[in-house]
Amino acid sequence: QVQLVESGGGLVQAGGSLRLSCTATGRTFNGYAMGWFRQAPGKEREVVSVMAHSGARTYYADSVKGRFTISRDNAATTAYLQMNSLKPEDTAVYYCAARVGPLVLGPGASMDYWGKGTLVTVSS
């Protein structure tokens, strides 16, 4: 019932910034936890950041703390990932995800719905 569409990926030089957006369908967006994951070539998909449905609790992977910020606009049914000080190792396909049930706010977060991903390439 939930469809997620990411946008905002692209090519950026190291040190630059991008903002990813994830627009969700449905009438219960306020009750969804939202998260961003990424998968680099040859690696497993990993949690980047997760936000509880209230927006009051968040988790960030150590590799992005201080550089990335997750946020949401419930009126627009959209989640965002602001990515600053980008590094070449941030290059990956970034996926938006939603959780409708109880959420583990950490690296083991399990999500129910996924977007198709948007590619972020950071050049050196």
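Residues numbered from 1 in each chain as written. Predicted model: local features only at pLDDT ≥ 70, side-chain atom pairs only at ≥ 80, totals over all residues. Heavy atoms only, no water.

Colleague: Explain the pattern of salt bridges to me, please; I cannot follow it from the model alone.
Modeller: Should their charged atoms come close, side chains of opposite charge can pair. If you walk through the whole model with that rule in mind, you get five salt bridges. Among the salt bridges present, the one from arginine 38 reaches aspartate 90, with a minimum N-O distance of 3.0 Å. Taken together, the residues arginine 38 in strand β4 (residues 33-39) and aspartate 90 in the loop between β8 (78-83) and β9 (92-99) connect sequence positions 52 residues apart. Since its relative accessible area comes to 6%, arginine 38 is described here as buried. Using a relative accessible area of 1% as the deciding quantity, one classes aspartate 90 as buried. The partner of aspartate 62 in a salt bridge is lysine 65, with the nearest N and O atoms 3.1 Å apart. Here the two residues aspartate 62 and lysine 65 agree in accessibility, since each one is exposed. Taken together, the shared-partner salt bridges connect Arg38, Glu46, Arg67 and Asp90 into one network. (Salt bridge = Lys/Arg side-chain N within 4 Å of Asp/Glu carboxyl O. Helix = DSSP H or I, 4+ residues; strand = E, 2+ residues; numbered from the N terminus. Buried < 20%, exposed > 50% of the residue type's maximum accessible area, 1.4 Å probe, protein only.)

Colleague: I would appreciate a short explanation of the environment of glutamine 82 in the present structure.
Modeller: Within the secondary structure, glutamine 82 is located in strand β8. C-alpha of glutamine 82 to C-alpha of phenylalanine 68: the two residues are 14 residues apart in sequence and 5.4 Å apart in space. Residues within four places of glutamine 82 in sequence aside, it is in contact with Ser17, Leu18, Arg19, Arg67, Phe68 and Thr69. (Contact = heavy atoms within 4.5 Å.)

Colleague: Help me understand the sheet that holds strand β7 (residues 68-73) in this model?
Modeller: What links the strands of a sheet is backbone hydrogen bonding, and the strands pair in either a parallel or an antiparallel sense. Strand order across the open sheet formed by four strands is β1-β3-β8-β7, with antiparallel pairing between neighbours. Here the strands that pair on one side only, and so sit at the sheet edges, are β1 (4-7) and β7. Each neighbouring strand pair of the sheet contributes to a mean axis angle of 15 degrees, computed without reference to strand direction. Examined bridge by bridge, β1 and strand β3 (residues 18-24) share four bridges and lie antiparallel to one another. Looking at β3, one finds that serine 7 is bridged to serine 21. (Pairing = 2+ DSSP bridges. Axes fitted to C-alpha atoms, helices over the stretch in contact; angles between N-to-C directions.)

Colleague: Quick question: what am I supposed to make of the packing of aromatic side chains here?
Modeller: Where two aromatic rings form a pair, the distance of their centres and the angle of their planes describe that pair. This structure, assessed with the given rule, holds two aromatic pairs. Ring centres of phenylalanine 29 and tyrosine 32 lie 6.5 Å apart, and the angle between their planes is 75 degrees; this geometry places the pair in the edge-to-face category. Centroid distance phenylalanine 37 to tryptophan 114: 4.7 Å. Interplanar angle 65 degrees. Geometry classified as edge-to-face. Separated by 77 residues along the polypeptide, phenylalanine 37 in strand β4 and tryptophan 114 in strand β10 (residues 113-114) bring together distant segments of the chain. The cationic tip of arginine 72 hangs over the ring face of phenylalanine 29; the distance from NZ or CZ to the ring centre is 4.6 Å. (Phe/Tyr/Trp six-rings, centres within 6.5 Å; stacked < 30°, edge-to-face > 60°. Lys NZ or Arg CZ within 6 Å of the ring centre and 35° of its normal.)

This is a description of form; function is not addressed.
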